[in-house]
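Structure at a glance
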Amino acid sequence: MNIKENIKTLVIKKPLKLDCGKTINNFPLAYETYGSLNKNKDNAILVFHALTGDQFVTGINPVTKKDGWWSYAVGPNKSIDTNKYFVICANVIGGCMGSFGPSHKNPDTNKIYGTDFPVITINDMVNAQVNLLDHFEIKKLFSIVGGSMGGMQVLQFISNFPDKASTVVPIACTSSHSAQNIAFNELGRQAIASDHNWSDGKYLSNNTLPDKGLSVARMAAHITYLSKKGLQEKFGRKLQERDALKFGFDADFQIESYLRYQGSVFVDRFDANSYLYITRAMDYFDLVKQFDGNLSNAFKKTKAKFFVISFTSDWLYPTQENKDIVIALNAIGADVGFVEIKSDKGHDSFLLDVPDFLNTLKNFLDKSYSER
């Protein structure tokens, strides 16, 4: 992918000490904006993307030529209305859409980092992104919003910078990654590392790609984003372009064909090492442990207004894990609202056309904005 011509990049000159102990500086942070920043600079919303997202939230992604990952929610007159709000989204460090990541060259060796890239955390990601506020001379964001890993970044951001946002919307997320989710991520990482083209992460230097391993990792993860009911209703046991079983290992069933397709197109837009690094960052996320077992302490310094959203069929980040965040906020008397949206689309509900969710998000943001 030739991504350099199609992205905005901010070079962060200020040194950033990572949780792993290493320090980085003069590193690129790729970002995109939508809408206009008003005169008072108080209408900005920082959106955080999930594992396989990027800075291209809505419209046509200029690199992949596909719709932005949150086109249902972000745009003129949509839930996050770009006629009203100035939306900023950055590609996380460790990513592969222009921000500093394992596919960049190490200036010390002039070789691609690969797995010599430092291990990063959710904390590192948000500490890099806060530099965007200085860049735009924004003292305080109107809102921070994100789903899944984006929601983890929302929680970490307001914990790190309690005075930097007025409203906080974590969606379909958790305050610490569960053993089940670590297990699924490890399955994906092992699929990549088992590909004979992976070459201990040096595949770009060898002009190869661990495409089969990355494809399997994506297939496994994609199953966790859906729900049993949703899969059954959409695919059931329907056969793929055939009238009878073929008694072989081609894709007999539509669901098999669907997963293979999801795996194959993912390889075209995502870097395998980035997948390793970002899933690792998710696994390391534990806001409860950061605050010695008391999640409430993560939020006690902020006066922001919270709105936590979960989905009934999300078994990856189930409603109870979202409620735990609400309980921690209630314990310190924070201003917090919570809603569980009924949907059979699983964890991916926040990315899809789920009218109850989209209307609920819009109502919260617009009402909060008018009440300031």
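Thresholds, definitions, all that
Residues numbered from 1 in each chain as written. Predicted model: local features only at pLDDT ≥ 70, side-chain atom pairs only at ≥ 80, totals over all residues. Heavy atoms only, no water. Core = buried A, V, L, I, M, F, W, Y, C linked by side-chain atoms within 4.5 Å. Buried < 20%, exposed > 50% of the residue type's maximum accessible area, 1.4 Å probe, protein only. Helix = DSSP H or I, 4+ residues; strand = E, 2+ residues; numbered from the N terminus. Contact = heavy atoms within 4.5 Å. Pairing = 2+ DSSP bridges. Expected span 1.5 Å × (residues − 1). Right-handed = clockwise from strand over helix to strand, strands pointing away.

Further remarks concern the nonpolar core. In terms of nonpolar packing, the biggest core is built from 75 residues, with I93, M125, L141, I144, F157, Y275 and F299 touching the most fellow members. Top element by residues in this core is helix α8 (residues 272-284). It accounts for seven residues. Those residues within four positions of M125 in sequence are excluded, and the remaining contacts are V92, I93, I120, M149, Q153, I278 and A281. In this structure, V74, M97, A172 and F311 belong to the second largest nonpolar core, which totals 35 residues.

On to the pairing of strand β4 (residues 27-34), then. One face of the sheet, then the other: side chains in a regular strand alternate in exactly this way. When you tally the buried positions in β4, you get eight out of eight residues, the bulk of the element. Residues F27, L29, Y31 and T33 of β4 are buried on one face, and the alternating residues P28, A30, E32 and Y34, pointing to the opposite face, are buried as well. Pairing between β4 and strand β8 (residues 86-90): four bridges, direction antiparallel. Considered in β8, the bridge of Y34 is made with V87.

Between the first and last C-alpha of helix α3 (residues 149-160) there are 16 Å, a value that for 12 residues agrees with the 16 Å anticipated at 1.5 Å per step. Summarising burial for α3: 11 of the 12 residues are buried, a large majority. The set of residues buried in α3 consists of M149, G150, G151, M152, Q153, V154, L155, Q156, F157, I158 and S159.

For the rest of this paragraph, the subject is the pairing of strand β12 (residues 165-171). Here β12 lies mainly inside the structure; six of its seven residues are buried. Where strand β11 (residues 141-147) and β12 come together, six bridges link them in parallel fashion. Following the sheet pairing, L141 is matched in β12 by A165. On the question of chirality, the crossover connecting β11 to the parallel β12 by way of α3 is right-handed. Sheet analysis places β12 next to strand β13 (residues 305-311), joined by three bridges and oriented parallel. Its bridge partner lying in β13, I171 is registered against I309.

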